[in-house]
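Given next are the chains, with one letter for each unit.
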Amino acid sequence: MAEIIDGKAAAQEVRGHVRREVLEFETRYGMAPGLATVLVGSDPASATYVRSKRRACAEVGIASFPHELNERTTLDELLALIGELNRRNDVHGILVQLPLPPHLSAQQVIAALDPRKDVDGLHPVNQGKLVQGLPGLRPCTPLGIMFLLERTGLPLAGADAVVVGRSTLVGKPTAFLLLERDATVTLCHSRTRDLAHVVQRAEVLVVATGRPGLVRGDWVRMGAIVIDVGINRLPDGTLVGDVDFAAASSRAAFITPVPGGVGPMTVAMLLRNTVEAAKRQMEGQS
Ligand code: NDP
């Protein structure tokens, strides 16, 4: 039976570390690291996410600056706000909650962020740095995935790693982070031929598709580490991942549950990125 990777405990560990770093930052610079959150419109799920991020900031001592704009906000108005936040010295990180209403281009808004304050790691400069293996802010969920993988203690160098899903938010950056750790990486998507066959090779398997039960238990290699990023709500209200958890658990060495696996890590890594961004700005690094 697989060992369950406890994302909640890992996230607590990261938050504890961040709390100590915030105290050090305050002692040194006389101010707290600051995160501005920008929410446009009234999507209830987005509002919940933003609230939980702000609560998490408060718990570790990060100052949060909430901005809630109405659904009809224009691109010019939003870009003006981003410009102002870019200039403020007490704001070290800016989080624009996605998705934006359809009349606003997420790409344009993210490109307007000061890359040093892009704590979601989605600005083209930060994504370019990731591809080039240069230091920069990395996307939060992939960072959380890597933290959980490293916590298993199994070596990643030379391991056969398969990532299913190629989004800019999760799949692609995870593939590059695995490559940075010297894994041999295969990146799969909806056009991959014979997915089962590719997945069966994986010593490290990361699945981020948003398709409940896409990866069957018998596809999982004996002794694999399985990281299930998917969060899917079934009609009866239960949350499940993209991997058939029960069947996969009997073959994997380690597996993340849904909920309680990758989910809690994403917010923890946002906090870590905010402190990291604040320190770099105070030290004058790009
Ligand atoms: P996207 O919808 O942006 O991307 C999904 C990816 O899955 C695409 O690359 C798509 O391929 C691929 N895919 C879809 N169907 C198949 C299939 N049948 N076989 C192989 N690949 C397939 O999703 P995200 O990356 O944003 O999110 C993925 C999941 O992770 C969602 O459930 C989301 O809720 C969850 N998530 C969880 C987070 C957390 O904190 N735990 C954070 C972010 C996301 P193609 O490119 O060809 O279309």
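Refer to the structure above for everything that follows.
The structure presented is a predicted model; accordingly, all values stated were derived computationally and were not measured.

Quick notes on the rules
Residues numbered from 1 in each chain as written. Predicted model: local features only at pLDDT ≥ 70, side-chain atom pairs only at ≥ 80, totals over all residues. Heavy atoms only, no water. 1 Å grid on protein atoms, 1.4 Å probe; cavity = no way out; pocket = protein on both sides within 12 Å on 5 of 7 lines; lining within 4 Å. Points joined across faces, edges and corners; volume = space filled by probe spheres on them. Nonpolar A, V, L, I, M, F, W, Y, C, P; charged D, E, K, R; others polar. Helix = DSSP H or I, 4+ residues; strand = E, 2+ residues; numbered from the N terminus. Polar contact = N/O pair within 3.5 Å; in protein donor to acceptor, adjacent residues only side chain to side chain. Contact = heavy atoms within 4.5 Å. Buried < 20%, exposed > 50% of the residue type's maximum accessible area, 1.4 Å probe, protein only. Pairing = 2+ DSSP bridges. Core = buried A, V, L, I, M, F, W, Y, C linked by side-chain atoms within 4.5 Å. Axes fitted to C-alpha atoms, helices over the stretch in contact; angles between N-to-C directions.

### Observations regarding the layout of surface pockets
Okay, step 1: Roughly 1200 Å³ of internal volume is contained in the largest pocket.
Okay, step 2: Taken together, 41 residues line the largest pocket, and the ones lying closest to its centre are Tyr49, Thr141, Leu169, Ile231 and Thr266.
Okay, step 3: Considering only residue class, the lining of the largest pocket consists of 21 nonpolar, 14 polar and 6 charged.

### Description of the side chain of Asp242
Okay, step 1: Tracing the backbone shows Asp242 in the loop between strand 10 (239–240) and helix 9 (245–249).
Okay, step 2: From its side chain, Asp242 meets the backbone nitrogen of Thr209 in a polar contact 2.6 Å long.
Okay, step 3: Looking at Asp242, its side chain comes within polar contact range of the side chain of Asn232, at 2.9 Å.
Okay, step 4: Leave out the neighbours within four places in its chain, and Asp242 touches Val207, Ala208, Thr209, Gly210, Arg211, Pro212, Gly213, Leu214, Val215, Asp228, Gly230 and Asn232.

### Description of the pairing of strand 8 (residues 225–228)
Regular strands place side chains that alternate from one sheet face to the opposite one.
Okay, step 1: Of the two faces of strand 8, both are covered, the one formed by Ile225 and Ile227 as well as the one formed by Val226 and Asp228.
Okay, step 2: Across 2 bridges, the pairing between strand 8 and strand 11 (residues 254–255) is parallel. Looking at the pairing, Val226 lines up with Ile255 of strand 11.

### A look at the nonpolar core
Okay, step 1: Among the nonpolar cores identified, the biggest contains 47 residues, and Ile62, Leu149, Leu178, Val204 and Ile227 are the most heavily contacted of them.
Okay, step 2: Counting only elements with at least two residues in this core, the list comes to helix 1 (7–29), helix 2 (44–60), helix 6 (140–151), strand 5 (160–164), helix 7 (171–180), strand 7 (204–207), strand 8 and helix 10 (262–282).
Okay, step 3: By residue number, the principal contributor to this core is helix 10, which donates 9 residues.
Okay, step 4: Setting aside its immediate chain neighbours within four residues, Ile227 contacts Ile5, Ile145, Leu148, Leu149, Leu205, Val206, Val207, Thr256 and Val262.
Okay, step 5: Counting 20 residues, the second-largest nonpolar core is a separate cluster that includes Cys188, Val207, Trp219 and Val243.

### Here's the deal with the sheet that holds strand 2 (residues 34–40)
Okay, step 1: Sheet architecture is open: 3 strands sit in the order 3-2-4, paired in parallel fashion. In the strand order of this sheet, the two ends are held by strand 3 (63–69) and strand 4 (93–96), each with one partner. Strand-to-strand twist in this sheet, taken as the mean axis angle between neighbours without regard to direction, amounts to 15°.
Okay, step 2: Where strand 2 and strand 4 come together, 4 bridges link them in parallel fashion. Considered in strand 4, the bridge of Thr37 is made with Leu95.

### Here's the deal with the pairing of strand 5
Okay, step 1: Counting buried positions over the 5 residues of strand 5 gives 4, a clear majority of the element.
Okay, step 2: Two strands pair when backbone bridges link them, and strand 5 and strand 6 (residues 184–188) are joined in this way by 5 bridges, in the parallel orientation. Bridging from a neighbouring strand, Val163 pairs with Leu187 of strand 6.
Okay, step 3: The sheet contact formed by strand 5 and strand 7 spans 4 bridges and is parallel.

### Some points on empty space enclosed by the protein
Okay, step 1: A complete count under the given rule lists 1 cavity of 30 Å³ or more for this structure.
Okay, step 2: Quantified by volume, the largest cavity comes out at close to 50 Å³.
Okay, step 3: Here the residues of the lining of the largest cavity sort into 6 nonpolar, no polar and 2 charged.

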